[in-house]
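Next come the chains, spelled out residue by residue.
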Amino acid sequence: MDRTHLLSDQDEAAPSCPAGSYTDPRDGATAPPADSMPVVPGYESLGPNVIPPSDFGSAQPPAPSRAPERRFDIPAITEELAQEAFIKYASSKCCYSSKPAKEMVFTDLQSLNTYRYRLETFTESRTTEWDSEPYNGQVVDGFGVAPAPWSIPVPIPSLFKDCEKAVRVPHTSTIKGCHSCLNLGRSACRRCVNSGRTQCPYCGGLGRTGSNRCSPCQGSGMTRCHSCGGVGSTTCETCEGQGKLLCFIKLKITWKNNVYVAVIDKGSGFPVELLDQISGEKLLTDMAPMVYPVVSFPDSSVNAESESGVREHQAQFATTCRILQQRQTIELIPITRVHYVWNEKTHIYFVYGTEHKVYTKDYPVKCCCCSIL
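One numbering rule holds for all chains: residues counted from 1, following each sequence as written. Residues qualify for local features only when their pLDDT is at least 70, as the model is predicted, and side-chain atom pairs are given and counted only at 80 or more; totals for whole chains, interfaces and linings, by contrast, use all residues. Only heavy atoms go into the side-chain values, all of them from the structure, while hydrogens and water stay out.

## Brief notes about the confidence of the model for the protein chain
Known as pLDDT, the predictor's per-residue confidence is scaled from 0 to 100. Across the protein chain, the average pLDDT comes to 84, with 85% of residues at 70 or higher. Whether two residues touch is decided by their heavy atoms; if any such pair falls within 4.5 Å, the residues are in contact. Long-range and interchain partners of residues 1–15, a stretch whose pLDDT sits below 50, account for 43 contacts in this model, where long-range means more than four residues apart. Under a pLDDT of 50 for its full length, residues 368–373 has, in the predicted model, four contacts with residues more than four places off or in other chains.

## Considering the sheet that holds strand 2 (residues 105–112)
Here we have four strands laid out as an open sheet, ordered 2-15-16-17, and antiparallel in their pairing. Two strands lie at the open edges of the sheet, namely strand 2 and strand 17 (357–359), each paired on one side alone. On average, each strand axis in the sheet is inclined to that of its neighbour by 25 degrees, with strand direction left out of account. DSSP-based pairing: two strands are paired if at least 2 bridges between them are found. Labels follow the DSSP assignment, with helices taken as runs of H or I lasting at least four residues and strands as runs of E lasting at least two, numbered in each case from the N terminus. Where strand 2 and strand 15 (residues 335–342) come together, seven bridges link them in antiparallel fashion. Its bridge partner lying in strand 15, L109 is registered against V338. Structural elements are reduced to axes, namely lines fitted to C-alpha atoms, with helices fitted over the stretch in contact, and the angle between N-to-C directions of any two is expressed from 0 to 180 degrees.

## So, the pairing of strand 14 (residues 322–332)
Of all eleven residues making up strand 14, ten are buried, and the element is well covered by its neighbours. Two strands pair when backbone bridges link them, and strand 3 (residues 115–134) and strand 14 are joined in this way by ten bridges, in the antiparallel orientation. Its bridge partner lying in strand 14, F122 is registered against Q325. In this scheme, a residue with accessible area under 20% of its type's maximum is buried, one over 50% is exposed, and one in between is partly exposed, where area comes from a 1.4 Å probe on protein chains only.

## Looking at the pattern of salt bridges
Salt bridge, as used here: a side-chain nitrogen of Lys or Arg that lies within 4 Å of a carboxyl oxygen of Asp or Glu. Inspection of the entire model under this criterion finds nine salt bridges. Close ionic contact of E120 with R327 constitutes a salt bridge, the shortest N to O distance being 2.9 Å. Pair noted here: E120 is in strand 3 and R327 is in strand 14, with a separation of 207 residues, a long-range link. Overall, E120 belongs to the buried group, its relative accessible area being 6%. R327 gets classed as partly exposed once you look at its relative accessible area, which sits at 25%. One salt bridge connects E124 with R126, and the closest N-O pair in it is separated by 2.8 Å. Just as E124 is buried, R126 falls in that class too. Through salt bridges with shared partners, a single ionic network connects R118, E120 and R327.

## Let's talk about helix 1 (residues 79–91)
Taking 1.5 Å as the rise per residue, helix 1 with 13 residues should run 18 Å; its terminal C-alpha atoms sit 18 Å apart, in good agreement. Where helix 1 is concerned, the buried positions are A82, A85, F86, Y89 and A90. Summarising the axial view, the buried residues of helix 1 lie within an arc of 135 degrees, below the 170-degree limit, and thus occupy one face. Relative to its buried face, helix 1 has exposed residues pointing more than 90 degrees away, namely E80, E84, K88 and S91. Residues of helix 1 that are buried sit in contact with helix 2 (99–103), strand 2, strand 15, strand 16 (345–352) and strand 17. Multiplying 1.5 Å by the residue count of a helix minus one yields the expected span of that helix. Comment: arc refers to directions from the helix axis out to C-beta atoms.

## A short note on the nonpolar core
Here, nonpolar core refers to any group of buried Ala, Val, Leu, Ile, Met, Phe, Trp, Tyr and Cys residues whose side-chain atoms link them within 4.5 Å. Y43, W130, V169 and W255 are the most contacted members of the largest nonpolar core, which totals 24 residues. Ranked by residues supplied to this core, first place goes to strand 12 (residues 244–264) with six residues. Among the nonpolar cores identified, the runner-up in size contains 18 residues, and A85, A90, Y96 and L109 belong to it.

So this is what it looks like as structure tokens:
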């Protein structure tokens, strides 16, 4: 048996987050130091640590009442299909001769019962921190009692898709002077360090080019700074020249699809990692706010993996996140081990997946370059 555990599906592109009546914080703005900010009741401990949910979601559902009647057996593929897949495989390799695939003699085709169990747990977690945006005279929502982090309604995006959204906590806004520019609205130019002049690029600061005086800098070796126009300062990036910031507590919501995967293999010798991108036949799909472990599948190893996966996700997420939905599936993946003879020698290859892909590590005829590789 081979077990593979994945924490999340990060390979998929993150979808756009749901639209709502909340204001998304402006990217790039930073809040003043936390010790200079007021204490908001219910938000005394801000930071990256997730906030435990106010409730732990739905209770465990009752166990299923009866076992499925169907037996899930994988029929062996025909010799014609096995040879067709093998010829196609050999033809796709520039350095393989298709002769063994066309002339081989079958000795045995073995069907291998291989299952893939997958549990997805879609969770929501929340964190809080101070954030800010330039103050341009907008309304300051600083009166009233701030709602608790988990009482703020935020629309849920598509299930089982990773997503993030940031919203402003009501009644937490306050105006502060910009800490980056000390309320001035301008910051010292980084290029000329507040002097308004930089080394002449034509003469390298020497004031001369060869035996002649440098014309661009008039022999001084310095020219007007292009970054600030010779002023010596630039508009503050934090407050955009306003000198003031509208500060507020930002609630960050993270939706994550946490995945547990187990491939049940009977020691066939097939490298199960090749099945990651292979589709199978779905035998069971169960979705609920909280699923019950599979208990009646004909293969007891699948039942054991379901029990392990469900318990693992409950222990990992139930007290730190809100479990919104769970989905468990069982797939049957067809794998046929083919034994054949060519040129009086016995060889083996595998035909796997509904796509009828081929895997072998001892193809009889390869050119020299393939043998070296």
